Amino acid sequence: MTTPIERVSLPLTSPLLIAALLFSTSACSNPATVNTSNNVPEQKESQISKADMRTSDAQVSADKPEFTTKAVATFDEPWAMTALPSIDGKAPKLLVTQKTGELFIVDTATGSKTQVAGIPKVAYGGQGGLGDIILAPDFATSNAVYISYVEAGKGGDSNKFGAKVIKATLAGLGTNAPTLQVITPIWEQSPKVTGQGHYSHRLLFSPDGQYLYISSGERQKKEPAQNMSMNLGKIIRLYADGSVPKDNPFVNDSNDIASQFWTMGNRNVLGIRFDESGRLWANEMGPKGGDEFNLIEKGKNYGWPIVSNGRNYSGTPIPDHDTRPEFKMPKITWTPVISPSSLSLYTAGSHNDFPALQGDFLISGLSSKALIVVSVDEDDSATERYRYDMGERVRSVLAVDGQVWVLEDGDGGRLLRLLPK
């Protein structure tokens, strides 16, 4: 069943001003709402007051792209999106997930949404539910997709949760009744734990299509990020079938869990992406301050919870990264936080809406209500280049074929296309 959505044109958003050098409230929760169960929904993330903002000359540039936005469709708690292959230059169709457990195919030419049946039962609550979706490298011939979601434990562990990744065939494309079929488990977080935060569960294939990367949050438990017997607080690297590459940095015949790890000491990675040179980058939510943009390198330890450029929610300090050189330092940190929720890379395709952004990363911001543009250099340095005030919490950004799409967060979140001005 399809539902047409009226298009709405909106005015150009103005640049969001960089915050003063004060510690913000939490990147992932309001300290006043943190509880001992760690069951903190992202909807309670704090928001940066505009009174705390200041102008930065570094973000003012004559070639800064301007845009208007066009609303294409609306969703309830959307989380992720990816584009289906373009056919004959037609407007793209997007796959969009909702945390509550729905997957839609969206025709961006008409705004119509077609729900996909066959989604596994998800454990919805807090930050949990249906998560990421990406196409298999051989999608053109297999129609296979990879999906992450949260599942509850069984029996006595029904109050424990963990992320899971599956592979499935997307059947019935082009019909009114698409469905997921041939569902195959690929990976899951181990162990399942209490609380409903910091699943991360972002998915990405390497440029050659050989390796599947999965971000696995530390589930607001801190210590698992340094525990070699748990795959929480890590970035995982697998083959497409879920098996472990023998050249992973922690391969150990007696420790199947550690063999999955590509990096460790990660907190809550909600964006991973390769740049044009083949380097892997990630954004990570910090605690009270200290959101990060990291160059992800094989076998590195990123230090959480031993070091951070933020503080604990209680206000107690955490040693900064530069006090412990054995841990990999972030290329950018943000205090006040931006609450980074996804990461995309802008490259021209059959469209080139924003040529000034070629090779730049786009970061969606929740508490910052912003779209942040980051550039990286050949020397592995990174810089925030621009920031746009979007007026709403931004859950996801997707640059595809030279176009840019944005998903607002929460109930009634709109799918927007950015149109060059």
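Just above, that's the structure.
Just so you know, the residues in each chain are numbered from 1, in the order the chain's sequence is written. Reporting in this predicted model follows two pLDDT cut-offs: at least 70 for local features of residues, and 80 or more for side-chain atom pairs to be given and counted; totals over whole chains, interfaces and linings ignore these cut-offs and use all residues. Only hydrogens and water are set aside when side-chain values are computed; all heavy atoms of the structure are taken into account.

Colleague: Lay out the pattern of salt bridges with the relevant residues and their values.
Modeller: Any Lys or Arg side-chain nitrogen located within 4 Å of an Asp or Glu carboxyl oxygen qualifies as a salt bridge. All told, the structure shown has 18 salt bridges when counted by the stated rule. With a closest N to O distance of 3.7 Å, lysine 160 and aspartate 157 form a salt bridge. For the exposure calls, accessible area comes from a 1.4 Å probe over protein chains only, and a residue counts as buried if that area is under 20% of its type's maximum, exposed if over 50%, partly exposed in between. A relative accessible area of 38% places aspartate 157 in the partly exposed class. The partner of arginine 387 in a salt bridge is glutamate 384, and the shortest N-O contact between them spans 2.9 Å. Via salt bridges that share partners, Glu151, Lys164, Glu188 and Lys192 belong to a single interconnected network.

Colleague: Describe the packing of aromatic side chains, with residues and values.
Modeller: Only centres within 6.5 Å qualify two rings of Phe, Tyr or Trp (six-membered ring in Trp) as a pair; their planes then separate them into stacked at under 30 degrees, edge-to-face at over 60, and tilted for everything else. Applying the stated rule across the entire model yields 12 aromatic pairs. Summarising the aromatic geometry, the rings of tyrosine 213 and tryptophan 262 are spaced 6.0 Å apart at their centres and angled 85° between planes, so their arrangement reads as edge-to-face. In this pair, tyrosine 213 sits in strand β12 (residues 211–216) while tryptophan 262 sits in strand β14 (residues 261–264), placing the two residues 49 residues apart along the sequence. An identical accessibility class is assigned to tyrosine 213 and tryptophan 262; each is buried. Pairing tryptophan 281 with phenylalanine 293 gives two aromatic rings, centres 5.1 Å apart and planes at 10°, and the pair type is stacked. In this pair, tryptophan 281 is assigned in strand β16 (residues 280–284) and phenylalanine 293 in strand β17 (residues 291–296), connecting sequence segments 12 residues apart. In this structure, lysine 64 packs its charged tip against the face of tyrosine 388, placed 4.6 Å from the ring centre. Each helix corresponds to a stretch of at least 4 residues labelled H or I by DSSP, and each strand to a stretch of at least 2 residues labelled E; elements are numbered beginning at the N terminus. Consider the ring centre and the ring normal. A charge sits over the ring if Lys NZ or Arg CZ is within 6 Å of that centre and within 35 degrees of that normal.

Colleague: I'd love a proper account of the environment of lysine 99, names of residues and values included.
Modeller: Along the chain, lysine 99 falls in the loop between β4 (93–98) and β5 (102–107). When the C-alpha positions of lysine 99 and glycine 126 are compared, they lie 9.8 Å apart, and in sequence the two are 27 residues distant.

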